[in-house]
Amino acid sequence: MENKTRLIILSDSPGMDGELVIFRTNVPAKRLKALEVESCNAYTNDTDIPIWVEVLEKEGYVCDIVDCHSHVTPYETSFEWKAKCYPYITECYDIDNVISLINGSEEKRIANILFNMSLDMDYDSSVDDYREDMEMLTESVGKLSKEDDPLYYVLQNIAGNNEEMENKLVNADGSICR
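Heads up: these notes are all about the structure in this document. (Residues numbered from 1 in each chain as written. Predicted model: local features only at pLDDT ≥ 70, side-chain atom pairs only at ≥ 80, totals over all residues. Heavy atoms only, no water.)

What follows concerns helix 1 (residues 29-44). For helix 1, which comprises 16 residues, the first-to-last C-alpha distance of 22 Å matches the rise-based estimate of 22 Å (1.5 Å per residue) to within 8%. Looking one or two residues beyond helix 1, the residue adopting positive phi is D46, at roughly 55°. (Helix = DSSP H or I, 4+ residues; strand = E, 2+ residues; numbered from the N terminus. Expected span 1.5 Å × (residues − 1).)

Next up, the structure:
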C-alpha cells in the first residue's frame, strides 16, 4: 500500500488490565473505523476480538507496534503517559463496549455532546429549534466522518473527553432531558 504512515492510538479496554498501544500504520481511517466497530461488537458479544496487526498486515498494510502502556500503573495512567510522550497523536480508536459505535450513531453521540457543551444556562428559551439544530449538527459531523476529514477525529476526541455532557440538557434527538 502506498499511503503515508502515521501514528495512531488503540485503547484495548478502559479497565485496569487494558493497554494504550501506539501503532505506525498506513491504513485509511475508514478501514480502522470499520475494524474498531467490528472489535467493539466482538467485545460486547464476548467473542474473539480481531488482532489488529494480523488483520491489517494480511490486507497488505503497514501496522507496527511502536509503544504501549498499561492503562493503570502505580505511577500514572496511560492517558498521562500519552500526554507526556505522544501529545501530537489525535487519531484514536477504542475497543470497548461502545454501543453508540455498533449502532452507527457515533455522529449523533458526538453532535449531542458538542451541542450540550455549547448551550448556556437559558437552554429552554428556544426548545423548538433543538431538534433541527441537532439534525444539522449530526449531518455535518457525519459528512466530516465520511470525507475522512481530520476535524472529525478532533471532534471525536473532544466528545470523548466530555462524555458527561451526553444527554445532559438535550437528547440526541433534540428533545429536552427531564
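Attention now moves to the nonpolar core. Counting 32 residues, the largest nonpolar core has F23, L32, W52, L56, Y93, I110 and V170 as the members making the most contacts within it. Elements that contribute at least two residues to this core include exactly strand 1 (6-11), strand 2 (19-25), helix 1, helix 2 (52-58), helix 5 (106-118), helix 6 (127-146) and helix 7 (150-160). Considering every element that reaches this core, the biggest residue donor is helix 5, with 5 residues. Setting aside residues up to four positions removed in sequence, I110 forms contacts with V141, Y152, L155, Q156 and A159. The next biggest cluster of nonpolar side chains, apart from the first, holds 7 residues, and it includes L20, W81, I89 and C92. (Core = buried A, V, L, I, M, F, W, Y, C linked by side-chain atoms within 4.5 Å. Buried < 20%, exposed > 50% of the residue type's maximum accessible area, 1.4 Å probe, protein only. Contact = heavy atoms within 4.5 Å.)

Regular strands show a simple pattern: their side chains alternate between the two faces of the sheet. With 5 of 7 residues buried, strand 2 lies mostly within the body of the structure. Sheet analysis places strand 1 next to strand 2, joined by 6 bridges and oriented antiparallel. Counterpart to L10 in the pairing with strand 2 is V21. Bridge analysis of strand 2 against strand 3 (residues 63-70) gives 7 bridges, and the strand direction is antiparallel. Looking across to strand 3, one finds that R24 is bridged to D64. (Pairing = 2+ DSSP bridges.)

Counting across every chain of the model gives 3 aromatic pairs. Here W52 and Y93 contribute two aromatic rings whose centre-to-centre distance is 6.1 Å and whose plane-to-plane angle is 55°, an arrangement assigned as tilted. In this pair, W52 sits in helix 2 while Y93 sits in strand 4 (residues 92-94), placing the two residues 41 residues apart along the sequence. Relative accessible area serves as the criterion here: at 0%, Y93 is assigned to the buried category. On the basis of an interplanar angle of 65° and a centroid distance of 5.5 Å, the ring pair of W81 and Y86 is categorised as edge-to-face. The residues W81 and Y86 share a single accessibility class, namely buried. What links up through ring pairs into an aromatic cluster is the set W81, Y86 and Y88. (Phe/Tyr/Trp six-rings, centres within 6.5 Å; stacked < 30°, edge-to-face > 60°.)

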